[in-house]
Amino acid sequence: MKKVFVRGRAITCSLGQDIERIVSSVREKRVSPEHLPLSFGGTDYTRPYYRIRRENETFTDLSSEEYFYDVLNTTVGRALDDAGLSPAERKDCALFFGSTAIDIPLYENKYREAGPESGPIFSEESPGYGKIADTVARAFGLRGPCFTFTTACTSTANAMIHAAAMIRCGMIRRALVAGYDLYNDLGFFGFESLILITPGPYRPFDRNRKGIIMGEGCGAVVLDPKRGGSPFRILGGANLCDTNNVTTHDEEGPIIEKVIMQALKNSGLRPGEISAVKAHATGTVYNDRTEANGMKRAFGADMPPVTGIKPYIGHTVGAAGATELILVTECAARGFFPATPGFEELDEELGIAPLVEHMPFGRGSIMLNYFGFGGNCTSMVVANGD
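Residues numbered from 1 in each chain as written. Predicted model: local features only at pLDDT ≥ 70, side-chain atom pairs only at ≥ 80, totals over all residues. Heavy atoms only, no water.

Undergrad: Could you clarify how one ought to interpret the overall build of the chain in this entry?
TA: Scanning the chain for helices and strands turns up eleven helices and 14 strands. Here the C-alpha radius of gyration of the chain, 20 Å, is about what a compact globule of 386 residues would show, namely 21 Å. Pairs at least 24 residues apart make up 78% of the contacts formed inside the chain by residues separated by at least 6 positions. The average position of the 40 basic charges and that of the 46 acidic charges among the side chains of the chain differ by 8 Å. (Helix = DSSP H or I, 4+ residues; strand = E, 2+ residues; numbered from the N terminus. Rg over C-alpha atoms; globule rule 2.2 N^0.38 Å. Contact = heavy atoms within 4.5 Å. Lys, Arg positive; Asp, Glu negative; His and termini not counted. Charge placed at Lys NZ, Arg CZ, Asp CG, Glu CD.)

Undergrad: Which parts of the structure should I look at to understand the side chain of Thr-290?
TA: With respect to the secondary-structure elements, Thr-290 resides in helix H9 (residues 285-299). The exposure class of Thr-290 is buried, given its relative accessible area of 1%. When sequence neighbours within four positions are dropped, the list of residues in contact with Thr-290 reads His-249, Asp-250, Glu-251, Gly-253 and Ile-256. (Buried < 20%, exposed > 50% of the residue type's maximum accessible area, 1.4 Å probe, protein only.)

Undergrad: Explain the sheet that holds strand E8 (residues 232-241) here, please?
TA: Pairing between sheet strands relies on hydrogen bonds along the backbone, with the strands arranged either parallel or antiparallel. The strand order across the open sheet built from ten strands is E5-E4-E6-E7-E1-E8-E14-E13-E9-E10, with neighbouring strands paired in mixed fashion. Whereas interior strands pair on both sides, the edge strands pair on one side only; in this sheet they are strand E5 (146-149) and strand E10 (306-307). Sheet analysis places strand E4 (residues 93-98) next to strand E6 (residues 174-181), joined by six bridges and oriented parallel. Pairing of Phe-97 across the sheet is with Ala-178, part of E6. Of the strands in this sheet, E4 and E5 are in contact with helix H5 (residues 131-140), which crosses E4 at around 145 degrees. (Pairing = 2+ DSSP bridges. Axes fitted to C-alpha atoms, helices over the stretch in contact; angles between N-to-C directions.)

Undergrad: Where do I start with the environment of Gly-372 in this structure?
TA: Looking at the secondary structure, you find Gly-372 in the loop between strand E13 (365-371) and strand E14 (376-384). Counting along the chain gives 217 residues from Gly-372 to Ser-155, while the straight-line C-alpha distance between them is 8.5 Å. Once residues within four sequence positions are removed from consideration, Gly-372 is found in contact with Ala-152, Cys-153, Thr-154 and His-249.

Undergrad: Is there a simple way to think about unusual backbone geometry in this case?
TA: For residues other than glycine, phi is negative in most cases, and the peptide bonds are mostly trans. Between Gly-200 and Pro-201 the backbone carries a cis peptide bond, its omega angle lying at -10 degrees. Here Pro-201 shows up in the loop between helix H7 (185-193) and strand E7 (217-224). At Asn-56, a residue that is not glycine, the phi angle is positive and equals roughly 55 degrees. As for its placement among the helices and strands, Asn-56 is situated in the loop between strand E3 (43-49) and helix H2 (65-83). For Val-317, which is not glycine, the phi dihedral falls at a positive 40 degrees. Along the polypeptide, Val-317 turns up in the loop between helix H10 (310-313) and helix H11 (320-333).

Undergrad: Any chance you could explain the packing of helix H6 (residues 155-168) against H11 here in plain terms?
TA: At a closest axis distance of 6 Å, the pairing of H6 and H11 adopts a crossing angle of 75 degrees. Accordingly, the angle class assigned to the pair H6 and H11 is roughly perpendicular. From H6, Thr-156, Ala-157 and Met-160 reach across to H11, where they touch Gly-321, Ala-322 and Leu-325. Across the contact of H6 with H11, the residue classes tally to four nonpolar, two polar and no charged. (Parallel < 35°, antiparallel > 145°, perpendicular 65-115°, else oblique. Nonpolar A, V, L, I, M, F, W, Y, C, P; charged D, E, K, R; others polar.)

This is the structure we're talking about:
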């Protein structure tokens, strides 16, 4: 079976675009969401949000279709350049695209431009879920198969493990995996209406946690049997769906335990061989409890160090599979596993105390977990070195 390396990578998030600067910000535990002004029932207030930041931004309309594709194509282009793919290698490259919102930001912008007389916001017929992936493939000459994943917060993580499995089995030669989600009213106000957005600060697993802080993000990685700039490779992963509830998981965590154990089996590892866990760690009361129970069932006495990294870049929803992978592995490649900003007080019910200081990291295996709205569960294992 072929090994699958992260040959190229690029990220655009609230910490910027330059990987060295992003890692430096994480090392300094720099957390800087902006606050969006809101008004409801005659009351004015704000909610924190992590907006993408790009140097020398030339766009004034950040909701336009031109901006949407510029962020995506710029990030993808940097990942392909980082991988050093030749024109011939690009032709053989498959594309896996993951997103929660997909093109909803574009629909909302068209609706705002047309005005309320245009009718319902989703009255326009969609050209199909594959439009964005097809647009990117044409722009960069990628002639392999294109796939689009939209499974909430697990979207790009699922794209990653499927791409790696297809390379490993010889179904495709290499793959570009891109995860992307921009601000949209439907997502933001949907979470706000469910009282899931915290006024701040972000406190995953903390006794006083009050919810998520959403964020924009675009991450792209090139997976290939050939080693590239990153020392990490994908060992394996698993995906299961918890059908306990339409929107949530069984809070005892049986499916989370099962997907973790299946990911370990597919990676050829035992629980005690995991060096660290990047938890999903949304910061909501229910989700953190469910994830903690699932991890305790899976690891027992072999519980590795755990961290939640959403306080650095926000919850980038469908893009998290790529953005969080890049953030964690790039820090680990530079000798440290990132701590969890905002955690202060242990929740005895959870029994999980994430890292509050960066942990030295050399060689080892990292588990990355993603547990999405609607019950989708994904676990992936990466390792540096051979």
